[in-house]
Amino acid sequence: MSQPMSAAPRPRDAAATRFLHAHLKTRHMVLLAELGRHRSILHAAKAAGLTQPGASKLLSDLEHAMGVQLFERLPRGIVPTWYGKILIRRSGAALAEMAAAHQEVMELLSGERGRVSIGSVLSPATGLVPHAVIALKAQHPGIEVSISVDTSKLLVERLRAGELDIVIGRILDPGAVAELNFEPLSDEPHSLIARAGHPWAARRDLSIAEVAQARWLLPPAGSILRERLVALFMAHGVEQPVDVIETMALPVIPELLLGSDAVVALPPDLVRCHLDAGALVALPLDLGLRADMYGIVTRRNHQLTVGAGLLLHALRGCAAAPQPTHTKAV
């Protein structure tokens, strides 16, 4: 639903407009973005095409105009304050918008269809995202698509900085909620996965205490899943697994499982091809683990490019459509 338009600017909006017109120029934004990258006035000035004295004066003028300190000057460089971090992020997003505008114009002039960058957490990257990209390319082969797979935290940071158009993930930072739109898609029930023929594959009386004694493939400490597994073991009054391999690298997990009696807690879709082929199985124990809801994340009050809008439409269509069934290989 579109937001109602106000009849007149609010006082804060008017003050922001006066500040933009009177003080903030493109060269300030370029310098801020480079200071965020280099944390050095000398190196940032060189990257921005400025002299060091010129860059220092621009920064001092901006701090004076805003009435706050943006950077702490240290013997070996500078460190942004909280105010500085806000301006660095916003400047990067503004410059990314101008770069995107230039790209759109050039694409229209050349007859091309555009480019879209999407980031995704692991589970939708193995199903929803490729299905949506295939659907998009079937109708619009000229659109160039860039796909990144990472954690929600890093992807949302890149989205807020204007480096990504769309993210399939979770909003973990409460401070970012006001800047973002979130369309929920799914949570992720986790199963206990092991190799076919595992001694526990036919058991119906498995317990948390018993499986805690197995070799576990665990995500790194500090991750949401690791914390929930720790809480699960604690809730059942059992010690944490001691025979542990830390990894969430999907290419190596099946090989580690196939070569031992190790177990891992994963959404089944991440190893669906191995489950369908009969190489891996879900053990008969309900862990009661579900990851938080992930969804489509975009920037609020931001107009998507034509290519990004088409990919968003494809994502929504694929998310709403029944997922294809898999036949077990023989």
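Note that the structure is a prediction, hence the values are computed from the model and not measured.

Engineer: When you look at the overall build of the protein in this model, what are you seeing that I'm missing?
Structural biologist: For the protein, the helix and strand inventory stands at 13 helices and 12 strands. Here the protein holds 330 residues, and 39% of them are scored as buried. In the protein, of all internal contacts separated by at least 6 residues, the share reaching a separation of at least 24 is 71%. Carbon and sulfur atoms provide 58% of the accessible area of the protein, an area that totals close to 18,800 Å².

Engineer: I would appreciate a short explanation of the sheet that holds strand β6 (residues 180–189) in the present structure.
Structural biologist: Two strands in a sheet stick together by hydrogen bonds in their backbones, pointing the same way (parallel) or opposite ways (antiparallel). With mixed pairing, the 5 strands of this open sheet are ordered in space as β4-β3-β5-β12-β6. Sheet topology places β4 (144–149) and β6 at the edges, where each strand pairs with a single neighbour. Each strand of the sheet is rotated relative to its neighbour by a mean of 15°, with strand direction disregarded. Against the sheet, helix α8 (residues 152–160) engages β3 (115–120), β4, β5 (166–169), β6 and β12 (290–299), with an angle of about 160° to β5.

Engineer: Would you mind going over unusual backbone geometry with me for this structure?
Structural biologist: Across residues other than glycine, the phi torsion is negative in most instances, and most of the peptide bonds are trans. Unusually for a residue other than glycine, R39 sits at a positive phi of about 55°. Within the element layout of this structure, R39 appears in the loop between α2 (26–38) and α3 (41–48). Judged by relative accessible area, R39 falls into the partly exposed class, the value being 38%. Residue N301 is not a glycine yet carries a positive backbone phi of 60°.

Engineer: Honestly, the packing of α2 against helix α4 (residues 52–66) in this entry has me stumped. Any pointers?
Structural biologist: Two quantities define a packed helix pair, namely the angle between the helix axes and the distance between the axes. Relative orientation of the contacting elements α2 and α4 amounts to 105°, with a least axis distance of 10 Å. When the interaxial angle is binned, α2 and α4 end up roughly perpendicular. Contact residues: α2 offers R27, H28, L31, L32 and L35, while α4 offers A55, L58, L59 and L62. For the contact of α2 with α4, a count of residues per class yields 7 nonpolar, 1 polar and 1 charged.

Engineer: Hey, could you run me through the nonpolar core in this one?
Structural biologist: Among soluble globular proteins, nonpolar side chains are generally buried collectively. One finds L192, W216, L229, V263 and L287 to be the most contacted residues of the largest nonpolar core, which totals 21 residues. Residue assignment for this core shows that the elements contributing at least two residues are β7 (191–195), α9 (208–211), β8 (216–218), α10 (224–235) and β10 (263–266). For this core, the element with the most residues is α10, which contributes 4 residues. Those residues in contact with L192 that sit more than four places away from it in its chain are V211, W216, V263, V264, A265, V281, A282, L283, L285 and L287. By size, the runner-up hydrophobic cluster in this structure holds 19 residues, among which are L128, V129, I296 and L312.

Engineer: What am I meant to see in the sheet that holds strand β11 (residues 280–282) here?
Structural biologist: As summarised here, the arrangement of the 5 strands in space is β9-β8-β10-β7-β11, forming an open sheet in which the pairing is mixed. The sheet is open, and its two edges are formed by β9 (244–246) and β11, each paired on a single side. The sheet shows a mean angle of 35° between the axes of neighbouring strands, taken without regard to direction. Of the strand pairs in this sheet, β7 and β11 are connected by 3 bridges, and their pairing is antiparallel. Residue pairing for β11: R195 is matched across the bridge by L280.

Engineer: How should I be thinking about the pairing of β12 in this particular structure?
Structural biologist: One face of the sheet, then the other: side chains in a regular strand alternate in exactly this way. Within β12, 7 of the 10 residues are buried, which leaves the element mostly enclosed by the surrounding structure. Pairing of β5 with β12, which is carried by 3 bridges, proceeds in the antiparallel orientation. Note on β12: the bridge partner recorded for G169 is G295.

Engineer: Any chance you could explain the packing of aromatic side chains here in plain terms?
Structural biologist: Two aromatic rings, taken as a pair, are described by how far apart their centres are and by the angle between their planes. Under the definition given, this model contains 1 aromatic pair. Plain terms: the ring middles of W216 and F233 are 5.5 Å apart, the flat faces sit at 90° to each other, and that makes the pair edge-to-face. In this pair, W216 is assigned in strand β8 and F233 in helix α10, connecting sequence segments 17 residues apart. By relative accessible area, F233 is classed as buried at 2%.

Engineer: Is there a simple way to think about the side chain of S123 in this case?
Structural biologist: Examined against the element boundaries, S123 turns out to sit in helix α6 (residues 122–125). For S123, a relative accessible area of 11% gives the class buried. Every residue in contact with S123, bar those within four places of it in the chain, is listed here: E188, P267 and L270.

Engineer: Quick question: what am I supposed to make of the side chain of D165 here?
Structural biologist: Structurally, D165 can be placed in the loop between α8 and β5. Although D165 is buried, it makes no salt bridge; R299 carries the closest opposite charge, 5.0 Å away. Within the structure, the side chain of D165 is placed 2.8 Å from the backbone nitrogen of S117, a separation counted as a polar contact. Excluding residues within four positions of it along the chain, D165 makes contact with R115, V116, S117, L159, T298, L304 and A308.

The rules behind each value
- Residues numbered from 1 in each chain as written.
- Predicted model: local features only at pLDDT ≥ 70, side-chain atom pairs only at ≥ 80, totals over all residues.
- Heavy atoms only, no water.
- Helix = DSSP H or I, 4+ residues; strand = E, 2+ residues; numbered from the N terminus.
- Buried < 20%, exposed > 50% of the residue type's maximum accessible area, 1.4 Å probe, protein only.
- Contact = heavy atoms within 4.5 Å.
- Areas by Shrake-Rupley, 256 points an atom, 1.4 Å probe, with all protein chains shown as cover.
- Pairing = 2+ DSSP bridges.
- Axes fitted to C-alpha atoms, helices over the stretch in contact; angles between N-to-C directions.
- Parallel < 35°, antiparallel > 145°, perpendicular 65-115°, else oblique.
- Nonpolar A, V, L, I, M, F, W, Y, C, P; charged D, E, K, R; others polar.
- Core = buried A, V, L, I, M, F, W, Y, C linked by side-chain atoms within 4.5 Å.
- Phe/Tyr/Trp six-rings, centres within 6.5 Å; stacked < 30°, edge-to-face > 60°.
- Lys, Arg positive; Asp, Glu negative; His and termini not counted.
- Salt bridge = Lys/Arg side-chain N within 4 Å of Asp/Glu carboxyl O.
- Polar contact = N/O pair within 3.5 Å; in protein donor to acceptor, adjacent residues only side chain to side chain.

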